[in-house]
Amino acid sequence: MFFVDTMEFEGLGNRSYLAGGPATAVVIDPPRDIDRVIAAAARRGVRIAFVAETHVHNDYVSGGLELARVTGAVYLVPAGAHVSFARTPVADGDTVTVDEGLELRALATPGHTPHHTSYALTEDGRGVAAFTGGSLLIGTVGRPDLVEPRLTERLARAQHASAHRLADELDDEVPVLPTHGFGSFCSSSQATGDATTIGEERRNNEALTLDVDAFVVRMLAGLDDVPAYYAHMAPANAAGPAPVDLTPPRRADAEEIAARLAAGEWVVDLRSRTAFAEGHVAGSFNFEGEGKLATYLAWLIPWGKPVTLLAETPGQIAEAQRELARVGIDRPAAAATGDPAGWVREGERLASFPRARFAALAAARGRAGARERAGRTVVLDVRRDSERADGFVDGSVHIPVHELRGRVGEVPDGVVWVHCAGGMRAAIAASLLDAAGRDVVAVDDGFDAAIEAGLVTNRPDATA
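In this report, the structure presented in the accompanying data block is examined. (Residues numbered from 1 in each chain as written. Predicted model: local features only at pLDDT ≥ 70, side-chain atom pairs only at ≥ 80, totals over all residues. Heavy atoms only, no water.)

**Regarding the packing of helix α3 (residues 152-169) against helix α6 (residues 212-221)**
Look at α3 against α6: their axes get within 9 Å of each other, and the N-to-C directions meet at 125°. One way to sum up the angle between α3 and α6 is to call them oblique. Here α3 and α6 pass one another in a crossing that is right-handed. Together, Thr152, Glu153, Ala156, Arg157 and His160 of α3 and Val212, Asp213, Phe215, Val216, Met219 and Leu220 of α6 make up the contact between the two elements. Split into classes, the residues belonging to the contact of α3 with α6 amount to six nonpolar, two polar and three charged. (Axes fitted to C-alpha atoms, helices over the stretch in contact; angles between N-to-C directions. Helix = DSSP H or I, 4+ residues; strand = E, 2+ residues; numbered from the N terminus. Parallel < 35°, antiparallel > 145°, perpendicular 65-115°, else oblique. Left-handed = near helix turned anticlockwise from the far one by under 90°. Contact = heavy atoms within 4.5 Å. Nonpolar A, V, L, I, M, F, W, Y, C, P; charged D, E, K, R; others polar.)

**Thoughts on the sheet that holds strand β7 (residues 95-99)**
Paired through their backbone hydrogen bonds, the strands of a sheet run either parallel or antiparallel. Across the sheet, five strands lie side by side as β7-β8-β9-β10-β11; this open sheet has mixed pairing. Two strands lie at the open edges of the sheet, namely β7 and β11 (176-178), each paired on one side alone. For this sheet the average axis-to-axis angle between neighbouring strands, irrespective of direction, equals 25°. Across seven bridges, the pairing between strand β8 (residues 102-108) and strand β9 (residues 117-123) is antiparallel. Across the sheet, residue Ala106 finds its bridge partner in β9, namely Tyr119. Running over the sheet, α3 touches β8, β9 and β10 (126-133) and is turned about 145° from β8. (Pairing = 2+ DSSP bridges.)

**Quick notes on the packing of aromatic side chains**
Evaluated as defined, the whole model comprises nine aromatic pairs. An aromatic cluster is present here, built from Phe185, Tyr296 and Trp299 joined pairwise through their rings. Positioned above the aromatic ring of Phe182, the side-chain terminus of Arg15 is 3.8 Å from the ring centre. For the cation-ring pair, Arg383 lies above Phe447, with the distance from its terminal atom to the ring centre recorded as 4.1 Å. (Phe/Tyr/Trp six-rings, centres within 6.5 Å; stacked < 30°, edge-to-face > 60°. Lys NZ or Arg CZ within 6 Å of the ring centre and 35° of its normal.)

**Some words on the environment of Gln321**
You can see Gln321 is positioned in helix α11 (residues 314-325). Judged by relative accessible area, which is 2%, Gln321 ranks as buried. Those residues within four positions of Gln321 in sequence are excluded, and the remaining contacts are Asp245, Leu246, Thr247, Pro248, Pro249, Arg331 and Pro332. (Buried < 20%, exposed > 50% of the residue type's maximum accessible area, 1.4 Å probe, protein only.)

**Structural notes on the pairing of strand β14 (residues 307-311)**
Counting buried positions over the five residues of β14 gives five, a clear majority of the element. Here β14 shows a buried face lined by Val307, Leu309 and Ala311 and a second buried face lined by Thr308 and Leu310. Bridging between strand β12 (residues 266-269) and β14 involves four bridges; their strand directions are parallel. Bridge pairing links Trp266 to Val307 in β14. Here β14 pairs with strand β15 (residues 334-337) via four bridges, running parallel. By the bridge assignment, Leu309 is partnered in β15 with Ala335. In this fold, β14 hands off to α11, which returns the chain to β15; that crossover is right-handed. (Right-handed = clockwise from strand over helix to strand, strands pointing away.)

**Here's the deal with the pattern of salt bridges**
This model, assessed by the stated rule, comprises 36 salt bridges. With a closest N to O distance of 2.8 Å, Asp5 and Arg44 form a salt bridge. With Asp5 in strand β1 (residues 3-9) and Arg44 in helix α1 (residues 35-44), this residue pair connects regions lying 39 residues apart in the sequence. One salt bridge in this structure joins Arg355 and Asp444, with 2.8 Å as the shortest N-O distance. Here Arg355, found in strand β16 (residues 355-356), pairs with Asp444, found in the loop between β21 (440-443) and α17 (447-452); they are 89 residues apart in sequence, far enough to count as distant. Taking the relative accessible area as the measure of exposure, Arg355 reaches 38% and is therefore partly exposed. Taking the relative accessible area as the measure of exposure, Asp444 reaches 13% and is therefore buried. Connected via shared salt-bridge partners are Asp33, Asp35, Arg322, Glu323 and Arg326. (Salt bridge = Lys/Arg side-chain N within 4 Å of Asp/Glu carboxyl O.)

Printed below as a string of structure tokens:
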């Protein structure tokens, strides 16, 4: 009997897979921190015989090379991928025997990248799983615009053809097991649900229900922003990532924290946005450890800038360090834990700012009257363009959170009420503004509450 174990990485919106039989297994698209994969194999009592990549990843650093080295596994990489390390190239139709009666077959599925390869797992000749990487996702496909702008339309058309190939060659009951699509920006649109089959995708996926021209037009029109750190992921993966070092970072005291801030380094507070607003080191930034830490910190930080982590417990530091290593932020410069009062020097006080809901914003605008029109109350929307297109707070200024660090000077004078769709990105933005010396109120509320408060308009946006 075969098995497939899913390893989920919610912060990045990705999954890796361990699949095999009684004795041996294959790992598909492993994460940078391979200890989790090795532990999963140990629980199953199987030897990792193969490690397979569907493509050179654009959104995270792969652990495939190191996992193959440590376990002695054969490292399968698409033949068309340009890499600088020894591997076993796989081409369309190549097969390997994972365990007795269990075979893995390579299927060329270009689109997400030119060399993208999916893998069909068969047991005694019957298809039992399709590892589709960034090709066929749940209700969508991987985006085609991460390689080279000149290739985007060509790759979009290839995605359509690849989806049809998978649907044509695999039975309806075969589970579709993608790497991307669970919140990853590698997905061309927001995926829904967490499980699917070839048959379900045949009925519901636009790549399989629309003709190629309609599909390409719709997909290209819906592509969202690309995280800035993606530019560093594919080169790191192609060069061959170094082993990850997850040993604890050096401990920083209040003097060192102040010195690192003075040197222009980033000090990142991983606590909840509630705790941060109540009291934090002036100049530090708030990226919640429980949120999409790796995505947004890697997106906003100047690449290579030293980062010091602050948290309540060493365990939170360790988890954040693991998450950041997955996107190439390998070693925190330092870290501190415990009571925030111990993170500031004697005689210094913690900074703070208020939090509020949209109802309070509506009330403040009503009280402000003419003052608000004169610019005393500023509403800053830090959502992405695609979100704002569906409605926005009337009179608000729009700067997506990933652009705010370089555009703080564009925020008008006054008290800045900053909001997103739910509160996490608003907290990041509020911390950036607070560090820049602005008076800020973090709106910690769902955007539906803004609609209920009568703040939202759907008029064409002249401020975006």
